[in-house]
Amino acid sequence: AAVPEPAAGRHVPADLPSRIQHYIGGAFVDSADGGTFDVLEPVSNEVYVQAAAGKKADIDRAVTAAKHAFDEGPWPRMLPRDRSRVLHRIADIVESRDARLAELESFDSGLPITQALGQARRAAENFRFFADLIVAQSDDTYKVPGRQINYVNRKPIGVAGLITPWNTPFMLESWKLGPALATGNTVVLKPAEFTPLSASLWAGIFEEAGLPEGVFNLVNGLGEEAGDALVKHPDVPLISFTGESSTGRLIFGNAAPFLKGLSMELGGKSPAVVFADADVDAAVDATIFGVFSLNGERCTAGSRILVERAIYDEFVDKYAAQAARVRVGYPHDPATEVGALVHPEHFEKVMSYVEIGKTEGRLVAGGGRPEGFETGNFVAPTVFADVPADARIFQEEIFGPVVAITPFEGDDEAVALANDTKYGLAAYIWTNDLKRAHNVSQAIEAGMVWLNSNNVRDLRTPFGGVKASGLGHEGGYRSIDFYTDQQAVHITL
Ligand code: NAD
């Protein structure tokens, strides 16, 4: 497809692919029925490429290739050290191409280029981390003196189906690919249809790193078609899914007849709780970053800020002033802090919440398109104060640069408000009182808590949510556990 003329302010990377295909059994292929779908770029919302629209027949082909590589190929049988070497080479290649990856990701998703670069580096780190972990892996052995020795024989499971969202596409794909491959499985990846560009680079990276043919397969396409066929394929015993809670619920049902292993990282409406004894300036900085970085399209966004009454007015004033200074700009501009939302459909959804917010809270910053951006999916960082707990903008995941601030009085109300949603992914607590910090953290229904801290991940710790935010945990050995079977072998002495 010819790349359209750049609109004003738009950056089009050189050497874009002329089309995006599937990658099955070591070859780039089109859909069996020749079908394609449009891929838009979020600054102009113009179609810049066609991607192959995978359907059941394409998933069948990919699963056959992955199953063959699992049943007959070397990958599941290789020494962990040898698989680890391949994974380290993958990390090296990703690192060496971080600028190009970031350029493509930023163009396709609208993420600010500096943040896309951070995500590309994190993708490399995901491979490096699991490459190290797999050679350090030890399994349990138990002795019943004089009677039995019992040990764990850990085995890869088979073809893992990996289904990923569009918000940080390349990084989230690596978070699944790294452990799935490290443990010796073969995979079929179905990336998000809004952002297929960076995923199209995996095949070349894996070939160069020496991953055997058929171990990695990629099928593009819509969730209801390609994703659905992957979930319902009888030869795919595992599904690792990241996306919306409503999609997770659907997949859970569709996987039920097959009793598949499921790992689900779902939506969030995470609270940031700021007590009067906190370092208020540090809390303002961190909670600005917490909801406006990655365009607010972040599962762990601190999208509800709960502030103790004694500092509420001061906090709201400082927060609104700082939100107004957050720099909205073209995604490729290194000065940009908030870029363009991924797709016009998502833009409309976020803008509809901005309008709902105007009837539910007090608008203190933003509230629509930023000045100077008449087209494209740009939303000004938007702050609503005095938002009651029954407001839709308090309860529902917006997944954009929109935040609700609500006052509270005392620890009990803070915890009650923090827990008053169906979600339970992350929480952020700001206080200098040691006991309160621990007591409140432990009382909050969230899979992850950051205390006086930005969202910085330690890859060894559990990652996952409670309530509607997910099922199961990944991170460190928990990922290894998800992607392996632990067979108990008993020997009588
Ligand atoms: P989504 O649920 O719409 O789509 C995610 C993926 O699922 C896509 O690849 C899509 O094609 C596929 N899909 C859709 N319907 C399907 C079906 N019926 N069967 C199989 N696959 C299907 O989510 P999204 O809009 O791409 O992503 C945003 C959501 O992801 C937000 O809710 C966000 O919080 C969540 N998210 C969670 C985490 C986490 O780690 N908890 C991380 C990032 C994003």
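Residues numbered from 1 in each chain as written. Predicted model: local features only at pLDDT ≥ 70, side-chain atom pairs only at ≥ 80, totals over all residues.

### Describing the site of the ligand
The immediate surroundings of the ligand are formed by 30 residues, with Pro-165, Gly-223, Gly-227, Gly-243 and Cys-299 found nearest. Of all the secondary-structure elements, those providing two or more residues to the shell around the ligand are helix H7 (223-231) and helix H8 (245-255). The greatest single-element share of the shell around the ligand, amounting to five residues, is contributed by H7. Counted by class, the shell around the ligand contains twelve nonpolar, eleven polar and seven charged residues. (Near = placed C-beta within 6 Å. Helix = DSSP H or I, 4+ residues; strand = E, 2+ residues; numbered from the N terminus. Nonpolar A, V, L, I, M, F, W, Y, C, P; charged D, E, K, R; others polar.)

### Notes on the packing of helix H1 (residues 56-72) against H7
Two numbers describe how H1 lies on H7: the axes approach to 8 Å, and their chain directions differ by 45°. Between H1 and H7, the angle falls in the class oblique. Crossing geometry of H1 relative to H7 is assigned as right-handed. Touching Lys-56, Asp-58 and Ile-59 of H1 are Ala-226, Ala-229 and Leu-230, all from H7. Of the residues in the contact of H1 with H7, the class split is four nonpolar, no polar and two charged. (Axes fitted to C-alpha atoms, helices over the stretch in contact; angles between N-to-C directions. Parallel < 35°, antiparallel > 145°, perpendicular 65-115°, else oblique. Left-handed = near helix turned anticlockwise from the far one by under 90°. Contact = placed C-beta atoms within 7 Å.)

### Looking at the UniProt feature "active site" (unreviewed entry) in the protein chain
Per the UniProt annotation, the sites labelled "active site" (unreviewed entry) are Glu-265. Structurally, the position occupied by Glu-265 is in strand S11 (residues 261-265). Setting aside chain neighbours within four positions, we find Glu-265 in contact with Thr-242, Cys-299, Gly-464 and Gly-470. (UniProt positions renumbered as here; feature names shortened; annotations may be inferred.)

### Notes on the confidence of the model for the protein chain
A residue-level look at the protein chain finds 98% of positions with pLDDT of 70 or above and a mean pLDDT of 97. Below pLDDT 50 for its whole length, residues 1-6 participates in nine contacts with residues either more than four positions away or in separate chains. For this predicted complex, the interface score ipTM comes out at 0.97, while the overall pTM is 0.97. (pLDDT = per-residue confidence, 0-100.)

### As for the UniProt feature "domain: Aldehyde dehydrogenase" (unreviewed entry) in the protein chain
UniProt's entry tags residues 28-489 with the feature "domain: Aldehyde dehydrogenase" (unreviewed entry), counted in the numbering of this structure. As annotated, residues 28-489 comprises 41% helix and 20% strand, and the C-alpha atoms at either end are separated by 42 Å.

### Considering the nonpolar core
Ranked by internal contacts, the top residues of the largest apolar core, which has 148 residues, are Val-187, Val-188, Val-273, Val-274 and Ile-405. The greatest single-element share of this core, amounting to eleven residues, is contributed by helix H4 (residues 113-136). Once residues lying within four places of it in the same chain are set aside, the contact partners of Ile-405 are Ile-305, Val-307, Val-316, Tyr-319, Val-383, Phe-384, Ala-385 and Val-387. (Core = buried A, V, L, I, M, F, W, Y, C linked by C-beta atoms within 7 Å. Buried ≥ 20, exposed ≤ 12 C-beta atoms within 10 Å, placed from the backbone.)

### Regarding helix H13 (residues 410-418)
An α-helical turn contains 3.6 residues, so a residue and the one three or four places further along point in the same direction. Among all positions of H13, only Ala-414, Val-415 and Ala-418 are buried. Projected down its long axis, H13 carries its buried residues within an arc of 95°, all on one side. In H13, the exposed positions that point more than 90 degrees away from the buried face belong to Gly-410 and Asp-412. Looking at the packing, one finds that the buried side of H13 touches strand S12 (271-274), strand S13 (304-308), strand S16 (402-408), strand S17 (426-430) and helix H14 (434-443). (Arc of directions from axis to C-beta.)

### Thoughts on the sheet that holds strand S20 (residues 484-492)
Read across the open sheet, the three strands follow the order S5-S6-S20; overall the sheet is antiparallel. Among the strands making up the open sheet, the edge pair consists of strand S5 (141-144) and S20. On average, adjacent strands in this sheet sit at an angle of 20° to one another, irrespective of strand direction. Pairing geometry for S5 and strand S6 (residues 148-156), over four bridges, is antiparallel. (Pairing = 2+ DSSP bridges.)

### Quick notes on helix H3 (residues 98-109)
In a regular helix each residue adds 1.5 Å, so twelve residues correspond to 16 Å; H3 covers 16 Å between its end C-alpha atoms and thus fits that length. With nine of its twelve residues buried, H3 lies for the most part within the structure. Here H3 has its buried residues at Leu-101, Ala-102, Glu-103, Leu-104, Glu-105, Ser-106, Phe-107, Asp-108 and Ser-109. Looking at the buried positions of H3, the neighbouring elements they touch are strand S3 (36-41), helix H2 (80-96), H4 and helix H5 (169-182). Trailing H3 by a residue or two, Gly-110 shows a phi angle of about 85°, which is positive. (Expected span 1.5 Å × (residues − 1).)

### Topic: unusual backbone geometry
Phi is positive for Asn-452, close to 45°, though the residue is something other than glycine. Among the structural elements, Asn-452 can be located in the loop between strand S18 (448-451) and strand S19 (470-471). A positive phi angle is found at Lys-467, which is not glycine, with a value near 50°.

### Focus on the environment of Phe-258
With respect to the helices and strands, the residue Phe-258 is situated in the loop between H8 and S11. Looking at Phe-258, the number of C-beta atoms within 10 Å reads 15, which means it is partly exposed. Taking the C-alpha atoms as reference points, Phe-258 and Gln-50, 208 residues apart in sequence, are found 33 Å from one another.

### Observations regarding the packing of H2 against H4
The N-to-C vectors of H2 and H4 enclose an angle of 165°; their axes lie 8 Å apart at closest approach. By the angle class used here, H2 and H4 are roughly antiparallel. With respect to the hand of their crossing, H2 and H4 are arranged in left-handed fashion. On the side of H2, the interface is formed by Pro-80, Arg-81, Arg-83, Ser-84, Leu-87, His-88, Ile-90, Ala-91, Val-94 and Glu-95, while H4 contributes Ala-120, Arg-121, Ala-123, Ala-124, Phe-127, Arg-128, Phe-130, Ala-131, Ile-134 and Val-135. Grouping the constituent residues of the contact of H2 with H4 by class yields 13 nonpolar, two polar and five charged.

### Notes on the pairing of S13
Counting buried residues along S13, five of its five residues qualify, which places the element largely inside the surrounding structure. Alignment of S12 against S13, held across four bridges, turns out to be parallel. Within the sheet, the bridge partner assigned to Val-273 lies in S13 and is Leu-306. Pairing of S13 with S16 involves five bridges; the strand directions are parallel. Across the sheet, Leu-306 pairs through a bridge with Thr-406, a residue of S16.

### Let's talk about the sheet that holds S18
Each strand in a sheet pairs with its neighbour through backbone hydrogen bonds, running either in the same direction (parallel) or in the opposite one (antiparallel). Reading across from one edge, S14-S15-S16-S13-S12-S17-S18 is the order of the seven strands in this open sheet, with mixed pairing throughout. This sheet does not close on itself; its edge strands, each paired only once, are strand S14 (362-365) and S18. Put simply, the sheet's adjacent strands are angled 20° from each other on average, direction ignored. Where S17 lies against S18, four bridges are found, and the strand directions are parallel. Considered in S18, the bridge of Ile-429 is made with Leu-451. The sheet contacts of H13 involve S12, S13, S16 and S17, and relative to S16 the element is tilted by about 150°.

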